[in-house]
Structure formats: structure tokens, C-alpha cells
Amino acid sequence: MNEIAFSSFKNHFLIALPALRDGIFTHSITYLCEHDAKGAMGIVINHPIDMEVDEILEQLEIDGQIFEHHEPVFAGGPVHTDRGFVLHRRDQQHWEASIEVTDTIALTTSLDILEAIALNRGPSQSLIALGYAGWEAGQLEEELRQNTWLTLPASEDVLFNVPPAKRVDAALAALGISFAQLGSDSGHA
């Protein structure tokens, strides 16, 4: 039996190549939180929507909320756009519904992290998105073979410190290129 080894792109960026003009994925950079033989899941990190974090937190009616969360909320992907996903730095606090992406990054979907953020007791750095990007088993691999995406190792600096509009070029700078230099036949890094 001849099996092909599986290569995970967990903790990688997917940068949509210019030929991909599919709504939310146009000129996008997605952080992959999970990728295994069953499929992949990620958060688009450079498409803010017209909403600030305070607006989401206000809907939760948290006693003692501190209104100073002016960071944008992101369109994280086309799946479950009514659900919030918090991509954040890991710390000593343990949140109810978290998946560990790396030793320093986690993805949390529980209300307790939003309550902590509202009270300025949340993670040191976070990104809040509505929805996520998901791929069934083999789907992402097929899209990669079709040169839909450029993959490269993720950078926490790009993830948390670079302004959203500059994240694609900041990630590509690690390769010594810019988005303008990409062609539709580009591929893996």
C-alpha cells in the first residue's frame, strides 16, 4: 500500500493568490488553527467589518464593562458567521472552550473570554472574528495543488501587531516579495 505522507499547515498563513476572487477570500490572509487528515479550519485576519469589539461586548450586557475596545471585529470566514471566535495569546488563564494552536496561541469560542476582555482581564493580545474558514478532508490540499493559496509559516508579529491592511505584505516580506509580485501560478513557500 503506497500512502502519501500528510503535511499539516497548522500555524501557517494561507495567502489567497490573485486568481482567487471569491468574496471574503479576495486578497486575504488566513491563519490556520487546525489542519489534519480530516480537514482544516482558520480565521481570516485582514478583513475587518464595520464593527468594533466594544459593540459585540455591549450586546453581552456585562456588569462593569470598560468601553475602550476600539479594535475592529473581523470577517473570519464564511462558516458560522453568527459565532464569535477569539484568536489570542495564551496565558495562565484557562478558558472554557479553547483549542491550543501552539504553545503561545489559542482559539477560544466561549463567553468567559469575552467577559474577561470586557473587564480588561482578558489575554494580552487578541483578535475577534465572526465566522471561520473551513475545508473538508482533502479540500485544502486540492486547492493548494490548484495554486489557489500560497502557504508560509505564521508570524505572531503579523498576527497581532501589524495593522490589518498591511498583514498580507508583512507576511510576504519574510519571503522577500509583495502581493503585487504574486502571479496566479505561485504556490508554496
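These numbers were taken from a predicted model, which means no experiment stands behind them.

Among the structural elements, R89 can be located in strand 6 (residues 79–89). On the basis of relative accessible area, R89 is assigned to the buried category, the value being 19%. A polar contact of 2.3 Å, which involves the side chain of R89, links it to the side chain of Q125. Apart from residues lying up to four places away in sequence, R89 is in contact with T104, P123, S124, Q125, E156 and F160.

When its volume is computed, the largest pocket comes out at roughly 380 Å³. Lining of the largest pocket is provided by 22 residues; of these, E71, S124, Q125, S126 and L127 occupy positions nearest its centre. Mapped onto the lining of the largest pocket, the elements with two or more residues apiece are strand 5 (72–75), strand 9 (126–136) and helix 4 (156–160). For the lining of the largest pocket, the element with the highest residue contribution is strand 9, accounting for 3 residues. Along the lines of polarity and charge, the residues of the lining of the largest pocket split into 12 nonpolar, 7 polar and 3 charged.

Bringing the packing of aromatic side chains into the picture now. The way to describe two aromatic rings as a pair is by their centre distance and the angle between their planes. Under the counting rule described, the total for this entry stands at 5 aromatic pairs. Arranged with centres 6.4 Å apart and planes meeting at 40°, the rings of F25 and W135 form a pair that is tilted. Taken together, the residues span a long stretch of sequence, with F25 in the loop between strand 1 (12–16) and strand 2 (29–36) and W135 in strand 9 at a distance of 110 residues. Ring centres of W135 and W149 lie 6.0 Å apart, and the angle between their planes is 80°; this geometry places the pair in the edge-to-face category. Of this pair, W135 sits in strand 9 while W149 is found in strand 10 (residues 149–153), placing the two residues 14 residues apart along the sequence. For the pair shown, W135 and W149 are each scored as buried. Site record: aromatic cluster; members linked through ring pairs are F25, W135 and W149.

For the structure on display, the rule yields 3 salt bridges. The shortest N-O distance in the salt bridge between E156 and R89 comes to 2.2 Å. A residue pair is termed long-range when its members are at least 10 positions apart, and E156 in helix 4 and R89 in strand 6 qualify at 67 residues. With a shortest N-O distance of 3.1 Å, E142 and R145 are connected by a salt bridge. Of this pair, E142 and R145 both sit in helix 3 (residues 139–145), separated by 3 residues, roughly a single helical turn. Residue E142 is classed as partly exposed on the basis of its relative accessible area of 34%. In this structure R145 comes out as exposed when scored by relative accessible area, which is 58%.

Each value, and the rule that gives it
- Residues numbered from 1 in each chain as written.
- Predicted model: local features only at pLDDT ≥ 70, side-chain atom pairs only at ≥ 80, totals over all residues.
- Heavy atoms only, no water.
- Helix = DSSP H or I, 4+ residues; strand = E, 2+ residues; numbered from the N terminus.
- Buried < 20%, exposed > 50% of the residue type's maximum accessible area, 1.4 Å probe, protein only.
- Polar contact = N/O pair within 3.5 Å; in protein donor to acceptor, adjacent residues only side chain to side chain.
- Contact = heavy atoms within 4.5 Å.
- 1 Å grid on protein atoms, 1.4 Å probe; cavity = no way out; pocket = protein on both sides within 12 Å on 5 of 7 lines; lining within 4 Å.
- Points joined across faces, edges and corners; volume = space filled by probe spheres on them.
- Nonpolar A, V, L, I, M, F, W, Y, C, P; charged D, E, K, R; others polar.
- Phe/Tyr/Trp six-rings, centres within 6.5 Å; stacked < 30°, edge-to-face > 60°.
- Salt bridge = Lys/Arg side-chain N within 4 Å of Asp/Glu carboxyl O.

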